[in-house]
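Below, each chain spelled out in residue letters.
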Amino acid sequence: MPSSRTGRPPVRRAERGPAVPGPSDNPVRTLYIRARKAWDRPLTAYYLILGGSLLITVLGLVMVYSASQITALQMSLPGSYFFRKQLLAAAIGGVLLLAASRMPVRLHRALAYPILAGAVFLMALVQVPGIGVAVNGNQNWIALGGSFQIQPSEFGKLALVLWGADLLARKQDRRLLSQWKHMLVPLVPAALMLLGLIMLGGDMGTAIILTAILFGLLWLAGAPTRLFVGVLSVAALIGVFLIRTSPNRMARLACLGATEPQSGPVDCWQAVHGIYALASGGIFGSGLGASVEKWGQLPEAHTDFIFAVTGEELGLAGTLSVLALFAALGYAGIRVAGRTEDPFVRYAAGGVTTWITAQAVINIGAVLGLLPIAGVPLPLFSYGGSALLPTMFAIGLLIAFVREDPAARMALAMRQPRFGKKRNGGSQRPRRWNTMRRRAPVARSSGER
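Residues numbered from 1 in each chain as written. Predicted model: local features only at pLDDT ≥ 70, side-chain atom pairs only at ≥ 80, totals over all residues. Heavy atoms only, no water.

Student: How should the pattern of salt bridges be read in this particular structure?
Tutor: Applying the stated criterion across every chain yields a total of six salt bridges. Salt-bridge contacts for Glu-154 lead to Lys-157; the nearest nitrogen and oxygen are separated by 2.8 Å. One end of the pair, Glu-154, and the other, Lys-157, are both in helix α6 (residues 152-173), three residues apart, so they sit about a helical turn from each other. For the residue pair Glu-154 and Lys-157, the accessibility class agrees, reading buried in each case. Of the charged contacts in the structure, one is a salt bridge between Arg-170 and Asp-166, with a shortest N-O distance of 3.1 Å. Taken together, the positions of Arg-170 and Asp-166, both in helix α6 and four residues apart, correspond to about one turn of that helix. A relative accessible area of 28% places Arg-170 in the partly exposed class. Among the residues examined, Asp-166 registers a relative accessible area of 6% and is labelled buried. Connected via shared salt-bridge partners are Arg-109, Asp-166 and Arg-170. (Salt bridge = Lys/Arg side-chain N within 4 Å of Asp/Glu carboxyl O. Helix = DSSP H or I, 4+ residues; strand = E, 2+ residues; numbered from the N terminus. Buried < 20%, exposed > 50% of the residue type's maximum accessible area, 1.4 Å probe, protein only.)

Structure below.
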């Protein structure tokens, strides 16, 4: 064995085996780990709720302008008439969203009873002759003067969410939800009162959404399966009775899966032309403003069937984008409800998520021909200020709940403005974009973006 220069025998090194790829050597796994870390950050729900709702609202404004032009011209109105009204409602809704997002949770709980009382009063006022206004056969509107009207039943959804969440939270604090009578009373009688006032005007679509909110609250409260099934069975029987006693509702049910406008004795014009609009859109659509069905062929193109016009003008890519935004909004709401220890936040966040998700599913399902046409708008997207205002307030409610989370509050407090002064009163040096020096790495907290 040859010796080294020092006279000592050389040290034999162990032979290296083949390199085993680690987690960092797999780019797919590395990307997955980074995406999961970003997804688990405290502000993920905050950005999903705020960004998703704003994108849906802005895209809805664009589609309302595109889908309502022909309808406005047919009514001898300016082409931007409905768009301007929707833009005004969106501006007021933005103020409500900002105010709701800055309110503490205790103030939201204090508003539960006043909002419920105001909604019940307005819904009863609808049935007073000379005050209530009938639209498309449903008397659920109150004229405010001029061309402005309000639909109080839309505010009944927000009232049921806030009041039901506050009621269940107080009963949970007293450990009363283990008894079925405390779980049902007075939540179910109050919901039935709201449903009765809505059905007096004939609006079954809104009644279905209100029923979904009630079931969502009972599910979150831990209602036993037999109790949940019992309430669901009673609601199903009442729904069957209301459908069988109304020729209009029976006609809508008969249009499921129709491919011709006149299928027997039932006229399925709206349902079939909604399918025509989606089918002619293709992958990327015919172009913004180039819809053919909105030229008098598709009724309610800017309200209940705006999703069909979106599919015709923006194609499959546009409709899938809208679905992805609603899915992200629903996931964020579930995340807020699942990560809190405050029972009121859990019930209210779950109620709002059930409300928006159920309404979106019912509207889109009707346009696709999978569900009967219920006459409910697509949340944040369809034309209608009465539906937009309470929905944007509910979005602000979710944002307020996210801000109450300790980790999210810390992450928001750590954010520094990019320009101007720091939040602690000091001055911030201007950024130097023309330097080539490497900056020293700064340790970041786990709560930072």
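Student: What is the right way to read the packing of aromatic side chains from this model?
Tutor: Between two aromatic rings, the relevant description is the distance of the centres plus the angle of the planes. Per the counting criterion, the structure on display carries six aromatic pairs. An angle of 85° between the planes, with centres 6.4 Å apart, marks the rings of Tyr-113 and Trp-163 as edge-to-face. On the criterion of sequence distance, the pair formed by Tyr-113 in helix α5 (residues 112-125) and Trp-163 in helix α6 is long-range, its members being 50 residues apart. Given a relative accessible area of 6%, Trp-163 falls into the buried group. Consider the rings of Phe-344 and Phe-401, whose centres lie 6.1 Å apart with planes at 85°: the pair is edge-to-face. Of this pair, Phe-344 sits in helix α14 (residues 343-367) while Phe-401 sits in helix α15 (residues 385-404), and the two are 57 residues apart along the sequence. Just as Phe-344 is buried, Phe-401 falls in that class too. Each member of the aromatic cluster is reached from another via a ring pair, and the members are Tyr-81, Phe-82 and Tyr-383. Across the ring face of Tyr-347, the terminal group of Arg-346 is positioned such that the distance to the ring centre comes to 5.3 Å. (Phe/Tyr/Trp six-rings, centres within 6.5 Å; stacked < 30°, edge-to-face > 60°. Lys NZ or Arg CZ within 6 Å of the ring centre and 35° of its normal.)

Student: I'm lost on the nonpolar core in this one. Help?
Tutor: It is characteristic of soluble globular proteins that their nonpolar side chains tend to be buried jointly. In terms of nonpolar packing, the biggest core is built from 110 residues, with Ile-49, Leu-187, Leu-218 and Phe-401 touching the most fellow members. Ranked by residue count, the leading element in this core is α14, at 13 residues. What Ile-49 contacts, discounting residues up to four positions off in sequence, is Leu-329, Ala-332, Val-336, Ile-395, Leu-398, Ile-399 and Val-402. (Core = buried A, V, L, I, M, F, W, Y, C linked by side-chain atoms within 4.5 Å. Contact = heavy atoms within 4.5 Å.)

Student: It is not clear to me how a nonpolar patch on the surface should be interpreted in this structure. Could you clarify?
Tutor: Taken together, Ile-283, Phe-284, Leu-316, Leu-320 and Leu-323 make up a surface patch of nonpolar side chains, about 500 Å² in accessible area. Tracing the backbone shows Leu-316 in helix α13 (residues 306-338). Judged by its relative accessible area of 41%, Leu-316 falls in the partly exposed class. (Patch = residues over 30% accessible without salt bridge, like charges linked within 9 Å, V, L, I, M, F, W, Y side chains within 5 Å. Areas by Shrake-Rupley, 256 points an atom, 1.4 Å probe, with all protein chains shown as cover.)

Student: When you look at the sheet that holds strand β2 (residues 138-145) in this model, what are you seeing that I'm missing?
Tutor: Strand order in the open sheet made by the three strands is β1-β2-β3, with antiparallel pairing throughout. Across the chains shown, the open sheet's two edge strands, defined by having one partner strand only, are β1 (132-135) and β3 (148-150). Direction aside, the axes of adjacent strands within the sheet are offset by 50° on average. Here β1 pairs with β2 via four bridges, running antiparallel. Across the sheet, residue Ala-134 finds its bridge partner in β2, namely Gln-139. (Pairing = 2+ DSSP bridges. Axes fitted to C-alpha atoms, helices over the stretch in contact; angles between N-to-C directions.)

Interpretation in functional terms is not warranted from these geometric data alone.
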